[in-house]
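Chain by chain, the residues:
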Amino acid sequence: MRNVLAIARKDLKIYFLTPIGYLVITVFVGIMSWMFCAALFEFLKRSQAYMQFGGMAEMNVSSMVMQPVLGNMAVIFLFLVSLMTMRLLAEERKMRTLELLLTSPVYPLEIVLGKFLSALLLFSVMLAVTLIYPLVLMIFGSIDVKQILAGYLGVFLLGASFLSFGLFISALTENQITAGALTFGLFLFFWIISWLSGSSASVGGQLLSYISIIDHLSNFIRGLIDTKDLVYYISFITFGLFLTHQSLESYRWR
Amino acid sequence: MIRVKNLTKQYENVRAIDNISFEVDRGEIVGFLGPNGAGKTTTMRILTGFMPATSGTAEIGGYDVFENAYEVKKRIGYLPEVPPLYPEMTVQEYLSYVATLKAIPKDQKLQAVSRVVERCRLGDVQKRLIGHLSKGYQQRVGLAQALVHDPKVLVLDEPTIGLDPKQIIEIRSLIKELAGGHTVILSTHILPEVTQMCRRIVIINEGKIVAVDTYDQLSAQLRKTDKVELQLRNPQGALEKLKTIPGVIQVLRDDQRQGAFLIECHVDDHVRDEISRVVVQNNMGLLEMRLKEVSLEDVFLKLTTEE
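To start, this report covers the structure provided alongside it. (Residues numbered from 1 in each chain as written. Chains lettered and ligands numbered in written order. Predicted model: local features only at pLDDT ≥ 70, side-chain atom pairs only at ≥ 80, totals over all residues. Heavy atoms only, no water.)

1. What to know about the overall build of chain B
Counting its secondary structure elements, chain B contains 11 helices and 14 strands. The C-alpha radius of gyration computed for chain B amounts to 25 Å, which surpasses the reference 19 Å derived for 307 residues by more than 25%, pointing to a less compact arrangement than a globule. Across its three principal axes, chain B shows a C-alpha extent of roughly 80 × 45 × 35 Å. For chain B, buried positions account for 51% of its 307 residues. (Helix = DSSP H or I, 4+ residues; strand = E, 2+ residues; numbered from the N terminus. Rg over C-alpha atoms; globule rule 2.2 N^0.38 Å. Buried < 20%, exposed > 50% of the residue type's maximum accessible area, 1.4 Å probe, protein only.)

Structural data, given as structure tokens:
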């Protein structure tokens with residue numbers, strides 16, 4: 001456990017010793033804030049129009065603003081994952097520091113978990129900054145805290161799944177650019193799968209929608225925590241970490 | 001301390017090391033000598049638990065490197081051919097990170113780092129980024145990394161490669177200081193290095209051990225013929241006369257110096273005795289006569305080309 005934390009701390013530090021940490025946080029928070037403002041103004045415009053025509057019921061801020069924002073958050077993060085994971089193991093291989101890790105009294109699993117934790121912590125920071133949006137919304141009316149927290153849980157799990165697979169791809173090559181491009185391409189594909197699944201109700205469509213990593217987010221965003229989705233994400237994360245571990249082990253056998 | 005028995009490593013279609021066995025005693029510095037691609041790095045990677053052998057066993061301090069990899073890793077320090085450094089970190093951050101990985105308890109970490117900084121003379125650069133250091137300093141940081149947990153066994157893969165002569169001398173003296181307290185196994189393809197630093201030499205070629213012995217023993221073994229250098233004032237006709245001496249195999253004239261000859265003869269004092277008599281009796285004017293020592297260079301060339 002001590003090794004896991006040491007490795008996580010070191011990699012988290014390297015995120016901020018190189019520009020990558022600042023870059024992903026700035027891009028993520030910048031784009032998300034833009035989207036949040038856009039959604040908020042849209043909401044204000046509509047609610048004004050609604051009141052002019054004498055609408056009675058108060059409009060739901062949580063679902064009208066936070067739902068699209070959280071949905072977009074997943075997509076924006078998809079574009080940033082490759083930047084966060086590409087160097088994690090590829091660079092250790094290239095700099096031969098993996099040799100140091102594998103000849104120290106450290107288990108490969110500790111290396112995998114440490115690396116994963118460092119990326120997860122950076123992602124958590126990025127998410128934590130966006131918690132300011134629901135706080136802002138509280139000015140305009142009451143928010144559905146449970147629904148928003150469920151949405152955040154979903155985005156967190158989705159992000160963790162992305163990161164665990166990105167980590168695996170980084171273990172496959174010693175070139176970070178290759179790892180980054182591969183990760184980016186793969187996740188773009190995961191995203192596009194859901195477009196196809198939406199248009200067909202056949203068994204194939206259902207299957208695609210089950211595979212599609214983003215489709216599992218929609219329940220969370222609506223405030224529904226379904227065991228099926230939880231199991232999906234947790235197995236996805238575990239599988240990614242397992243593959244990373246296997247590829248580290250196999251590196252020694254080659 | 002180190003016991004290697006019938007170790008073999010087979011890559012897809014190359015046998016990197018082939019059935020090698022040797023032992024290293026506690027406190028000894030042993031040099032692993034061989035041309036590039038002889039299997040030095042492979043052997044070291046197996047010893048450090050980085051990769052498993054195809055067959056055979058290796059033990060460090062009584063622990064099998066494969067069965068008890070964890071225990072072995074706690075007891076060894078390893079400096080790979082390319083020192084495993086993070087250029088973004090400062091020397092101090094890096095060493096403290098490695099100290100944690102090497103399972104040094106938290107309260108002893110600071111002490112361990114400052115001890116190794118002093119030992120490898122890194123005091124002046126400990127706050128600087130590793131990426132900004134010269135190659136010689138980086139190599140010292142690599143050595144410090146291998147030493148931080150005060151391991152019983154040190155495995156150093158080509159510790160002086162790519163350094164300038166001054167840096168080489170510094171690293172060598174650092175390594176020599178380690179003898180006694182640590183068991184050191186180091187690899188190199190530079191001959192003078194082993195004679196300077198190591199008591200015993202393991203010569204390896206194409207995956208096989210060619211010889212394990214001390215330098216003196218090795219050169220004695222190899223003296224199948226003696227070489228005698230001769231300098232004469234009157235060399236006229238000397239070549240023919242010297243050739244007729246029984247026991248002389250061949251006589252070569254040294255074109256660089258006037259009147260100098262190199263005589264190869266059987267290992268026998270009487271032959272040299274006879275040479276001197278012939279020279280004096282014929283009034284050739286003996287200026288100099290000496291037995292040429294066999295350098296390890298010759299040993300190495302011989303061992304790796306002959307057998």
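Structure's up, so let's keep going.
2. Side note on the sheet that holds strand β9 (residues 200–205) of chain B
Residue and element names in this part refer to chain B. Spatially, β6-β7-β8-β3-β9-β10 is the arrangement adopted by the 6 strands of the open sheet, whose pairing is mixed. Each edge of the open sheet is held by one strand with a lone partner, namely β6 (76–79) and β10 (208–214). Averaged over neighbouring strand pairs, the angle between their axes works out to 15° when direction is ignored. Where β9 meets β10, 6 bridges bridge the pair, whose relative direction is antiparallel. In the strand pairing of β10, N205 is matched with K208. Sheet strands in contact with helix α5 (residues 135–147) are β6 and β7 (153–157), and its direction is about 165° off that of β6. (Pairing = 2+ DSSP bridges. Axes fitted to C-alpha atoms, helices over the stretch in contact; angles between N-to-C directions. Contact = heavy atoms within 4.5 Å.)

3. With respect to the interface of chain A and chain B
Every contact between the two is made by 28 residues of chain A and, on the other side, 35 residues of chain B. Together, the buried faces of chain A and chain B total about 2,800 Å²; carbon and sulfur atoms form 63% of this surface. At the junction of chain A with chain B, the criterion picks out 3 salt bridges. Residues B:E88 and A:R87 are paired through a salt bridge, measuring 3.0 Å at the closest nitrogen-oxygen approach. Secondary-structure elements contributing two or more residues to the side of chain A that touches chain B are α1 (2–17), α5 (97–102) and α12 (227–253) of chain A. No other element matches α1(A), which puts 8 residues into the side of chain A that touches chain B. Taken together, the residues that form the side of chain A that touches chain B break down as 14 nonpolar, 5 polar and 9 charged. (Buried area = accessible area lost by both parts, 1.4 Å probe. Salt bridge = Lys/Arg side-chain N within 4 Å of Asp/Glu carboxyl O. Nonpolar A, V, L, I, M, F, W, Y, C, P; charged D, E, K, R; others polar.)

4. Let's talk about the packing of α5(B) against helix α6 (residues 165–178) of chain B
All names here are of chain B. In contact at an axis separation of 10 Å, α5 and α6 are set at 15° when each is read in the N-to-C sense. Classified by the interaxial angle, the pair formed by α5 and α6 is roughly parallel. The two elements α5 and α6 meet at a crossing, and its hand is right-handed. Residues G136, Q139, R140, L143 and L147 of α5 lie in contact with α6, whose contacting residues are Q167, E170, I171, L174, I175 and L178. Of the residues contributing to the contact of α5 with α6, the split by class is 6 nonpolar, 3 polar and 2 charged. (Parallel < 35°, antiparallel > 145°, perpendicular 65-115°, else oblique. Left-handed = near helix turned anticlockwise from the far one by under 90°.)

5. Focus: the side chain of A:T183
All names here are of chain A. Topologically, T183 is positioned in helix α9 (residues 176–198). Look at T183 and you get buried, because its relative accessible area is 0%. Within the local environment of T183, its side chain forms a polar contact with the backbone oxygen of A179, the two atoms lying 2.6 Å apart. Not counting residues up to four positions away in its chain, the partners in contact with T183 are V81, S82, T85, G166 and I169. (Polar contact = N/O pair within 3.5 Å; in protein donor to acceptor, adjacent residues only side chain to side chain.)

6. Focus: helix α8 (residues 145–172) of chain A
Here α8(A) contains 28 residues, and its C-alpha end-to-end distance of 41 Å stays within 8% of the 40 Å for a straight helix at 1.5 Å per residue. α8(A) sits mainly inside the fold: 22 of its 28 residues count as buried. (Expected span 1.5 Å × (residues − 1).)

7. Focus on the pairing of strand β3 (residues 29–33) of chain B
Residue and element names in this part refer to chain B. Counting buried positions along β3 yields 5 of 5 residues, so the element is predominantly enclosed. Bridge count for β3 against strand β8 (residues 183–188) is 5 bridges, and the pairing is parallel. Counted as the bridge partner of I29 is V184 from β8. Across 4 bridges, β3 lies against β9 in parallel orientation. The residue of β9 that forms the bridge with G31 is I201.

8. Topic: the packing of α1(A) against helix α3 (residues 91–101) of chain B
Running from amino to carboxyl end, α1(A) crosses α3(B) at an angle of 160°, the nearest separation of the two axes being 9 Å. Relative to α3(B), α1(A) is oriented roughly antiparallel. Crossing geometry of α1(A) relative to α3(B) is assigned as left-handed. Residues A:R2, A:N3, A:A6, A:I7, A:K10 and A:K13 of α1(A) form the contact with α3(B), whose participating residues are B:E93, B:Y97, B:T100 and B:L101. In terms of residue class, the contact of α1(A) with α3(B) is built from 4 nonpolar, 2 polar and 4 charged.

Purely spatial values, then, with no claim about function.
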